[in-house]
Amino acid sequence: MADEIDFTTGDAGASSTYPMQCSALRKNGFVVLKGRPCKIVEMSTSKTGKHGHAKVHLVGIDIFTGKKYEDICPSTHNMDVPNIKRNDYQVSLFTDGAFRQLPNCCHNDKFQLLQVN
Amino acid sequence: MNNASMPSTYSYHLENQNHHLLFASIFWQTLACSILTALLSEFSSSSKTSNIGLSMEFHGNCKRIFQEDDLRQIFMLTVEVLQEFSRRENLNAQMSSVFQRYLALANQVLSWNFLPPNLGRHYIAMFESSQNVMLKPTELWRETLLDIRVMELFFTVHRKIREDTDMAQDSLQCLAQLASLHGPVFPDEGSQVDYLAHFIEGLLNTINGVEIEDSEAMGISSVFSNLITVFPRNVLTAIPNELFSSFVNCLTHLTCSFGRSAALEEVLDKDDMVYMEAYDKLLESWLTLVQDDKHFHKGFFTQHAVQVFNSYIQCHLAAPDGTRNLTANGVASREEEEISELQEDDRDQFSDQLASVGMLGRIAAEHCIPLLTSLLEDRVTRLHGQLQRHQQQLLASPGSGSIDNKVLDDLYEDIHWLILVTGYLLANDTQGETPLIPPEVMEYSIKHSTEVDINTTLQILGSPGEKASSIPGYNRTDSVIRLLSAILRVSEVESRAIRADLTHLLSPQMGKDIVWFLKRWAKTYLLVDEKLYDQISLPFNTAFGADTEGSQWIVGYLLEKVISNLAVWSSEQDLANDTVQLLVTLVERRERANLVIQCENWWNLAKQFARRSPPLHFLSSSVQRTLMKALVLGGFAHMDTDTKQQYWTEVLQPLQQRFLNVINQENFQQICQEEEVKQEITATLEALCGIAEATQIDNVAILFNFLMDFLTNCIGLMEVYKNTPETVNLIIEVFVEVAHKQICYLGESKAMNLYEACLTLLQVYSKNNLGRQRIDVTAEEDQYQDLLLIMELLTNLLSKEFIDFSDTDEVFRGHEPGQAANRSVSAADVVLYGVNLVLPLMSQDLLKFPSLCNQYYKLITFICEIFPEKIPQLPEDLFKSLMYSLELGMSSMSSEVCQLCLEALTPLAEQCAKAQETDSSLFLATRHFLKMVFDMLVLQKHNTEMTTAAGEAFYTLVCLHQAEYSELVETLLSSQQDPVIYQRLADAFNKLTASSTPPSLDRKQKMAFLKSLEEFMANVGGLLCVK
């Protein structure tokens, strides 16, 4: 099965993202940071001066590479949210050494396959 | 061993020292002072006292003997030395260092925590910290401390060294202690008056006409604060009138001056905010002083209040009216710093200051209310003009880059503070109480109501778009209503700027202030309830009383504001939150809700929210949840049946429909992780929590039935989303909220429905967690959210045993289909199932997280109290871990947890007594607990608050294990070598059980035992407890 599916990149078909107001993003949700689909692991707001408008500080982990990305933007801005499709698969057989190669989102004998449409 | 032997040996040395010290060399003086200081620490029985293995009682006796005799001699000696120093001119460095040591010694004596003649249970408090001790010596100190020369000496000393930062701290602390003198040292009121008069004279002589040093601010404010807190009002007013006036004038002057210096500190961003702290303290003293109209005639403090109020306003306004952000030399500083979301809002950070200033503003309402009005009206006009200029500029050259916002920011900051002060002046913070219009404000409005033209007042109120001064006769309006209308004018300028597409120029902070104020105001004034007041102002009653056009208009206006804010400010979380809170305020009282639902806007809002379309779905989840709560609350306003039907069709049904549409799709399993689907599910779950939050006794029947339909489906979702923790948590949260808000109202069969649903939820959760390991070593608290929520759910289910309103089961009349004949699931089943699930997941490491720890112990205590009979039936390893948890809780957790564990022991021991099995593991466990509680009560220092819980557990355990108890007593007695102590202990133990022999689990005997235990503690408690 693993031979047929590419785990590192998704299939970038049509309409791979949709816009969402920054303030409506949630921790554990997804967002595109620096062109990469990321899972949001940290979200905080700040403002410049007491009468300034809110800015959102986002930290995300690339869902494929695990690399960390950060961005800061006005909370009124629209951000791109990747269309993530998630499938859970049951692992039925391990060959020697395969376990170590699984992405770290694995729980026990299950792993998730994330894919950008 | 003679208890008194220790102090008496010192007396001899002291007397000798007395004579020689004054003439000794600096070396000897320093040495003597060090010895005395160490001596004081040793006798003070504070945390500084070293652990030398002597009983508390011994420490107490020594301390008492010491404080009456030697301590006084040390003080007199110190006074003499200080006298000598104060006379000398030009002290060299070495001498001043000695001087400083003696001053610190004097401070130590004056801060002595005097033991009362009868120690009683105080021995326990003896070793508590000695912070903020007020000076309350015994009668023997009368001659020493009431000697005016002593007090004068400390003033003299302070005048001499006030420029020395370190020494001034000590000398002011001495003065602050002398300012707190009270108790038996004063033979009568006259002597107290004399003392106070002299003290105030000395104080005024010391600080009047001199420039206060930075390092003096805190100390001086403590002196004032102590005088005002400690001396009774009748003593304060008994001193010569002129002196008292000078005192209050001086307080006023200092308050204003400290306020200005505090503002400077803020501009300079100093780390050490000494003036701010001193200012806080003085404002607090004002609050104590003015809240007494028995001793001071009305208006006594008005002029002072005006001054303090004015200076506060001045410090918070920009130039030219005020001095905000001006450094000492008049230069404006302006910095745009990054402010994180964790920074507290001014209204919370400065709530104490604002409360005092608001109170002073009420006292001087005649001055302050018109002042705030005119300042606000002026700012509104300027803000309007400024925004218009910006708009023209933008129209003239679109995209011309950044505009300097300095003028706008200054206006926003002015308005910010003016709104905060107005909010605190016009209304109180209320939590759980019925908010009332402050009497001063009411009186002020009534007093002027004859000069007021009601129609013009209503016109001012109802035309926020126009300048107040453009309305003819604007000066004959009710001032309080005009102040409110000034804020509505700010709000209107904001709304218009939004309509003109200038939102980016507006301040979200000001937006927040506006809705915060309106909420505070609406709670107190909107639909004012005449029954709550002796007399009511006619303008208030006409403008926002029940059944008035005014109130209907205001409700409509506020609703429009809410809707506009939710649309425009969805990106500003705090502002949206304050806005939705205003909405809840509008609908949470039935009378107001009746007006709200008459607005078409309200129905539009409901429909819009049900459609889950922009802009409302941009709002954060917590705001959406509260919005749902408000919409549900509004649905219980008075409507005819058809309208009500229609409303629920608009609000609740779409929620259900959308939800069913999503989950009933054939391919739901496949698409459930798609963002869109997940969002829909999350939004529904959040809404369900909001609905549960809206539960009140009169709507629980409808809401429960509605929510129950969802709960079953939610369990299905648990399965679908088992690998998506945030969704699982949200599902459990729905159950937690339903149980929390509704279980207390549910009758038997409804409760059973809920128990069943919860049990199924737990079963699914358990199945999905089987074999799951949490491998993350850096796990944080929020990763155990599910565990916390499960424990919360179980605790909520159990709470029905304590709080149950369902006897008055009228709410479900017509809904309940007879009694539940075959009760299939009980609370015990669910909770014990849950405990079986939770206990193995808890570990000692997890108990390090405070929230998990507290919830866990709350849960197990509830279980022991409610189902003690189920405890022995637990599987062996669970039973063991439960007992171990109790032991751990009693020995190494916080005192609250310890208290909970003690409370759990009583029902467990009672259960054993009932079962009469002497070989059960619970019986054996309780024997171990007897020893633990015995040690805790008799041998260890423990919190006095715990004595009752410990006593009850102790008695029940003693009943159960009488032989073991006798053995414990025997062992303890046999280890005593001193025959006197042996006898006292033996007698005390005999007396302890005398009233309850043989001990039996009878309430009367138990109470008698608890009483004896108290005497026992007072009598011998200090004997065995060792420091």
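The name that an unreviewed UniProt entry assigns to chain A is Eukaryotic translation initiation factor 5A, with the source organism given as Chrysemys picta bellii. Of chain A, the UniProt comment under Sequence similarities (unreviewed entry) reads exactly: "Belongs to the eIF-5A family."

Trainee: Which parts of the structure should I look at to understand the packing of aromatic side chains?
Mentor: Any two aromatic rings considered together are summarised by their centre-to-centre distance and by the angle between their planes. Residue and element names in this part refer to chain B. In total, this model carries 41 aromatic pairs over all chains according to the counting rule given. An angle of 15° between the planes, with centres 5.2 Å apart, marks the rings of phenylalanine 224 and phenylalanine 247 as stacked. Of the two residues, phenylalanine 224 sits in helix H10 (residues 217–230) while phenylalanine 247 sits in helix H12 (residues 241–268), which places them 23 residues apart along the sequence. Residues phenylalanine 224 and phenylalanine 247 agree in their burial class; the two are buried. Between the aromatic rings of tyrosine 525 and phenylalanine 544, the centroid separation amounts to 6.3 Å while the plane-to-plane angle is 85°, which identifies the pairing as edge-to-face. Of this pair, tyrosine 525 sits in helix H22 (residues 508–525) while phenylalanine 544 is found in helix H23 (residues 538–544), placing the two residues 19 residues apart along the sequence. A residue is classified by how much of its surface remains accessible, and tyrosine 525, at 1% relative accessible area, is buried. Taken together, the aromatic side chains of Phe224, Phe244, Phe247, Trp286, Phe296, Phe300 and Phe301 make up a single cluster linked through ring pairs. In this structure, arginine 88 packs its charged tip against the face of phenylalanine 85, placed 6.0 Å from the ring centre.

Trainee: Even after reading the chapter, I still don't get the interface of chain A and chain B, so can you show me in this structure?
Mentor: The extent of an interface is frequently quoted as the accessible surface area lost upon association of the parts. Of the residues lining the interface, 31 residues belong to chain A; the matching set on chain B comes to 39 residues. Here chain A and chain B share an interface that buries about 3000 Å² over both sides, 42% of which is from carbon and sulfur atoms. Looking at the side of chain A facing chain B, the largest losses of area belong to Lys50(A), His51(A) and Arg86(A), adding up to 23% of the total buried there. Where chain A packs against chain B, one counts 3 salt bridges. Between Glu413(B) and Lys50(A) there is a salt bridge, and its shortest N-O distance comes to 2.6 Å. Elements supplying a minimum of two residues to the side of chain A that touches chain B: strand S1 (17–21), strand S3 (36–48), strand S4 (54–62), strand S7 (84–90) and strand S8 (110–116) of chain A. The element that contributes the greatest number of residues to the side of chain A that touches chain B is S3(A), accounting for 6 residues. When the residues that make up the side of chain A that touches chain B are grouped by side-chain class, the tally is 8 nonpolar, 15 polar and 8 charged.

Trainee: Could you clarify how one ought to interpret the environment of Ser340(B) in this entry?
Mentor: For Ser340(B), the position within the fold is in strand S1 (residues 338–340). When sequence neighbours within four positions are dropped, the list of residues in contact with Ser340(B) reads Thr45(A) and Ser46(A).

Trainee: So what exactly am I meant to see when it comes to the pattern of salt bridges here?
Mentor: Residues and elements named next belong to chain B. This model, assessed by the stated rule, comprises 43 salt bridges over all chains. Aspartate 529 is paired through a salt bridge with lysine 531; the nearest N and O atoms lie 3.7 Å apart. Accessibility expressed as a relative area gives 26% for aspartate 529, which makes it partly exposed. Two residues, lysine 767 and glutamate 719, come together in a salt bridge whose shortest N-O distance is 3.2 Å. Taken as a pair, lysine 767 in helix H35 (residues 748–769) and glutamate 719 in helix H33 (residues 700–720) lie far apart in primary sequence, 48 residues in all. We classify glutamate 719 as partly exposed; its relative accessible area is 28%. One network of salt bridges, in which partners are shared, links Asp321, Arg324, Asp378, Arg379, Arg382, Lys406, Asp410 and Asp414.

Trainee: Which parts of the structure should I look at to understand the packing of H22(B) against helix H25 (residues 573–588) of chain B?
Mentor: Each pair of packed helices can be summarised by the angle the axes make with each other and by the distance between the axes. Residue and element names in this part refer to chain B. At a closest axis distance of 9 Å, the pairing of H22 and H25 adopts a crossing angle of 15°. Classified by the interaxial angle, the pair formed by H22 and H25 is roughly parallel. As for how H22 packs across H25, the hand of that crossing is left-handed. Contacts between H22 and H25 pair Pro508, Gly511, Lys512, Val515, Leu518, Lys519, Ala522 and Lys523 from the former with Asp574, Leu575, Asp578, Thr579, Gln581, Leu582, Thr585 and Glu588 from the latter. When its residues are assigned to classes, the contact of H22 with H25 shows 6 nonpolar, 4 polar and 6 charged.

Trainee: Looking at this structure, how should I read the state of the cysteines?
Mentor: Disulfide: a covalent bond formed between the sulfur atoms of two cysteine residues. All names here are of chain B. Enumeration over the complete set of coordinates arrives at 0 disulfides over all chains. Between cysteine 315, a free cysteine, and cysteine 256, which holds the nearest cysteine sulfur, the sulfur-to-sulfur gap is 8.4 Å. In this model cysteine 744 remains outside any disulfide bridge; the closest cysteine sulfur is found in cysteine 758, 14 Å from its own. What makes cysteine 744 buried here is its relative accessible area of 11%.

Calculation notes
Residues numbered from 1 in each chain as written. Chains lettered and ligands numbered in written order. Predicted model: local features only at pLDDT ≥ 70, side-chain atom pairs only at ≥ 80, totals over all residues. Heavy atoms only, no water. UniProt positions renumbered as here; feature names shortened; annotations may be inferred. Phe/Tyr/Trp six-rings, centres within 6.5 Å; stacked < 30°, edge-to-face > 60°. Helix = DSSP H or I, 4+ residues; strand = E, 2+ residues; numbered from the N terminus. Buried < 20%, exposed > 50% of the residue type's maximum accessible area, 1.4 Å probe, protein only. Lys NZ or Arg CZ within 6 Å of the ring centre and 35° of its normal. Contact = heavy atoms within 4.5 Å. Buried area = accessible area lost by both parts, 1.4 Å probe. Salt bridge = Lys/Arg side-chain N within 4 Å of Asp/Glu carboxyl O. Nonpolar A, V, L, I, M, F, W, Y, C, P; charged D, E, K, R; others polar. Axes fitted to C-alpha atoms, helices over the stretch in contact; angles between N-to-C directions. Parallel < 35°, antiparallel > 145°, perpendicular 65-115°, else oblique. Left-handed = near helix turned anticlockwise from the far one by under 90°. Disulfide = S-S within 2.5 Å.

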